[in-house]
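These are the residues of each chain, in order.
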Amino acid sequence: MAVGRWIAWEAAAVGRTARYAVASPGPERDAVVQSLKASAAAVLAWALAGWFFRAPLALMAPWTALALVDATVYRSVRSGLQQFAVIAVGAVAASLAMAVTGGRTLGAMALALPFLVLAGTYRRLGRQGIYGATTALFVITYGTYTLPALGYRLAETAVGAVIGIGVNAFVLPPVHLRNVRDQMRRLAHECADLLALIADDIGDKGPEYGTAEARDRVARLETVLGALFEARRWTTESLRVNPGRRLRRRPGPEPPPPEEDARWQAVVGHLAGAVRILSNVTGDGRALPVLPPDFLEQYGVLVGRVAHVCATWADALREPGTGGADRETEAARAAWAALEPLADGLPRRPGPTAAVCGGLLTETRLLLALLTTRQEEDPQTGAAQDGGL
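Every chain's residues receive numbers from 1 upward, in the order its sequence appears when written. Since the coordinates come from a predicted model, pLDDT governs what is reported: local features require at least 70, and pairs of side-chain atoms require 80 or more to be given and counted, while whole-chain, interface and lining totals use all residues. Water and hydrogen atoms play no part in the side-chain values, which are based on all heavy atoms of the structure.

What to know about the packing of helix α3 (residues 60-68) against helix α4 (residues 73-100)
- Axis definition: a line fit to C-alpha positions, over the contact stretch in the case of helices; interaxial angles, taken between N-to-C directions, run 0 to 180 degrees. Helix and strand assignments come from DSSP, with helices taken as H or I runs of at least 4 residues and strands as E runs of at least 2, each series counted from the N terminus. The interhelical angle for the contact between α3 and α4, taken along N-to-C directions, is 145°, at an axis separation of 9 Å. You can see that α3 and α4 cross each other, and the crossing is right-handed. Residues Met-60, Trp-63, Thr-64, Ala-67 and Leu-68 of α3 pack against Ser-76, Ser-79, Gly-80, Gln-83 and Ile-87 of α4.
- By the convention adopted, Pro, Cys, Tyr, Trp, Phe, Met, Ile, Leu, Val and Ala count as nonpolar, Lys, Arg, Asp and Glu as charged, and the other residues, Gly among them, as polar. Looking at the contact of α3 with α4, its residues break down into 5 nonpolar, 5 polar and no charged. Take the far helix as your reference; a near helix turned counterclockwise from it by less than a right angle gives a left-handed crossing, and one turned clockwise gives a right-handed crossing. What makes two residues a contact is simply this: any of their non-hydrogen atoms within 4.5 Å.

Now the structure itself:
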């Protein structure tokens, strides 16, 4: 039954991916396009090397072309140079091993493979390093190791590299512009969900609220933040050495500027700080004074309003330029209105309690300031925001 459920789950996941690929642009459709391009490049390379040039081991051309239709044109060019160098070394080493052993397959493998497998671990070769050893296996098992045969191997590799890079660069060249926006929107949603979780838990349970799930959500935020940084790197790389990028309609609006990555990194940091403080004022292992019930109740309301601010960010990232400024302004005004009474009441609290409440409000206010920096003034005071308590 467990196997049946797993098969059903996998089938449903494949079905969702197929629907996403058909319904709208996204990573699923990009994967389909790149797969079709790689297949077409391999077929074209085989036709050119095998039918037109009558190459004796035409397998080298489609094999190379298939591997070089990569996620970015820059990566295709870089991988092509690496792969050509590695294959050349593998072909030469295999031919020399065959010559030394008199054409004995087993002896040539024992002589060439240890060196090539070790050389393939050189970090500057990346994932292309293994192709030296596999090329040697092709050459040795094929059995032809003369100088003209070696020239054919290199020519077939060059044909496959040119076709693979050319197809990737000029046929729907991959330009990863939407990925940054998608990951940033996902991060905003995750932050809003975490804030809403804290607010709901405080509202439902009061002083008995828990933070176990909130801590797990913070760990997940770090993963999403890493995905955002990776998406930014892919976006930058996809525009490098890409002569065909102007031939393709840009997939959606431009991504947010890199400064927004730092903003969301700070948002995650302050959110994690607030959860850390809450974790130390509740439960059996608390290390800080318990929050007063009236403060906790008001803080739950504040966090719920900050969650709404965060959600408006996510909506704006999903539909840029749709006039959501009014919603953002209203959400920001409500959040600041909930924060100020809490800050004003700190001097009336005992010293240790005031310190804990102040630390929690500092993290929350810095978080809110980051989310409302598009507002020119503090909705409460009319003054420019400085993020201080």
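A short note on empty space enclosed by the protein
- Within this scheme a cavity is a closed region of a 1 Å grid, computed over the protein atoms alone, that accommodates a 1.4 Å probe without allowing it to escape, whereas a pocket is open but has protein on both sides within 12 Å along at least five of seven lines; lining residues each have an atom within 4 Å of a point. Grid points are joined across faces, edges and corners, and a volume is the space filled by probe spheres set on the points. Evaluation of the coordinates by the stated rule reveals 2 cavities of 30 Å³ or more.
- Counted as a void, the second largest cavity has a volume near 40 Å³.
- Lining the second largest cavity, in full, are Leu-195, Ile-198, Leu-271, Ala-274, Val-275, Leu-278, Tyr-299, Val-303, Thr-364 and Leu-367.
- Counting residues per element, the ones that place at least two in the lining of the second largest cavity are α8 (178-205), α10 (259-279), α11 (293-318) and α13 (351-371).
- Residue contributions to the lining of the second largest cavity peak at 4 residues, all from α10.
- When its residues are assigned to classes, the lining of the second largest cavity shows 9 nonpolar, 1 polar and no charged.

Here we look at the nonpolar core
- Here, the term nonpolar core denotes a set of buried Ala, Val, Leu, Ile, Met, Phe, Trp, Tyr and Cys residues that are joined through side-chain atoms within 4.5 Å. Throughout, exposure labels follow a simple rule: accessible area from a 1.4 Å probe, protein chains only, divided by the maximum for the residue type, with under 20% read as buried, over 50% as exposed, and the rest as partly exposed. Of all hydrophobic cores here, the largest spans 60 residues; its most connected members are Leu-187, Cys-191, Trp-264, Leu-291, Tyr-299 and Leu-371.
- Of all elements in the fold, only α8, α9 (212-238), α10, α11, α12 (325-344) and α13 reach the threshold of two or more residues within this core.
- Top contributing element to this core by residue count: α11, with 12 residues.
- Ignoring anything within four residues of it in the chain, the contact list for Tyr-299 reads Ile-202, Ala-274, Leu-278, Leu-342, Leu-360, Leu-361 and Thr-364.

A short note on the packing of aromatic side chains
- Within 6.5 Å between ring centres, the rings of Phe, Tyr and Trp (the latter by its six-membered ring) count as paired, and their orientation is classed by plane angle as stacked under 30 degrees, edge-to-face over 60, tilted in between. Within the structure shown, the criterion is met by 5 aromatic pairs.
- Judged by centre distance (5.2 Å) and plane angle (85°), the ring pair of Trp-63 and Phe-138 falls under edge-to-face. Here Phe-138 lies in helix α6 (residues 130-142) and Trp-63 lies in helix α3, a separation of 75 residues in the sequence.
- Judged by relative accessible area, which is 28%, Phe-138 ranks as partly exposed.
- Aromatic ring contacts, followed pair by pair, group Trp-63, Tyr-131 and Phe-138 into a single cluster.

Here's the deal with the pattern of salt bridges
- Any carboxyl oxygen of Asp or Glu within 4 Å of a side-chain nitrogen of Lys or Arg constitutes a salt bridge here. One pass over the structure, following the stated rule, counts 12 salt bridges.
- With a shortest N-O distance of 3.4 Å, Glu-340 and Arg-365 are connected by a salt bridge. A residue pair is termed long-range when its members are at least 10 positions apart, and Glu-340 in helix α12 and Arg-365 in helix α13 qualify at 25 residues. Here Glu-340 matches Arg-365 in class, with each residue buried.

Comments concerning the packing of α11 against α13
- Running from N to C, α11 and α13 cross one another at 20°; their axes reach a closest spacing of 10 Å. By the criterion of interaxial angle, the relationship of α11 to α13 is roughly parallel. Note that α11 runs across α13; the crossing there is left-handed. Residues Phe-295, Tyr-299, Leu-302, Val-306, Val-309, Cys-310 and Trp-313 of α11 touch α13, and the partners they reach there are Cys-357, Leu-360, Leu-361, Thr-364, Leu-367, Leu-368, Leu-370 and Leu-371.
- A class-by-class count of the residues in the contact of α11 with α13 yields 14 nonpolar, 1 polar and no charged. Small angles under 35 degrees read as roughly parallel and large ones over 145 as roughly antiparallel, with 65 to 115 read as roughly perpendicular and the rest as oblique.

Some details on the confidence of the model for the protein
- Overall, the prediction assigns the protein a mean pLDDT of 84, with 88% of residues at 70 or greater.
- Per residue, pLDDT captures the predictor's confidence, and it can take any value from 0 to 100. When pLDDT is averaged over each element of the protein, helix α5 (residues 105-119) comes out on top at 94 and helix α1 (residues 2-23) at the bottom at 81.
- Throughout residues 375-389 the model reports pLDDT below 50, and contacts reaching past four residues in sequence, or to other chains, amount to 32 contacts.

Concerning the side chain of Glu-156
- For Glu-156, the location among the structural elements is in helix α7 (residues 147-170).
- On the accessibility criterion, Glu-156 (2% relative accessible area) is buried.
- Ignoring anything within four residues of it in the chain, the contact list for Glu-156 reads Ala-55, Pro-56, Leu-57, Ala-58, Met-60 and Ala-61.

Some remarks on the side chain of Thr-135
- By the secondary structure assignment, Thr-135 is in helix α6.
- The contact partners of Thr-135, leaving out residues within four places of it in the chain, are Met-60, Trp-63, Ile-87, Gly-90 and Ala-91.

What about the environment of Leu-48?
- Along the chain, the position of Leu-48 falls in helix α2 (residues 27-52).
- C-alpha separation for the pair Leu-48 and Glu-156, spaced 108 residues apart in sequence, amounts to 9.4 Å.

A word on α6
- Given a helix with a known number of residues, its expected span is that number minus one, times 1.5 Å. In this model, α6 (13 residues) spans 19 Å end to end at C-alpha, consistent with the 18 Å of a helix rising 1.5 Å per residue.
- Taken as a whole, α6 has its buried residues at Tyr-131, Gly-132, Ala-133, Thr-135, Ala-136, Val-139 and Ile-140.
- Buried residues in α6 make contact with α3, α4, α5 and α7.
- Remark: Gly-143 follows α6 within two positions and exhibits a positive phi of approximately 90°.

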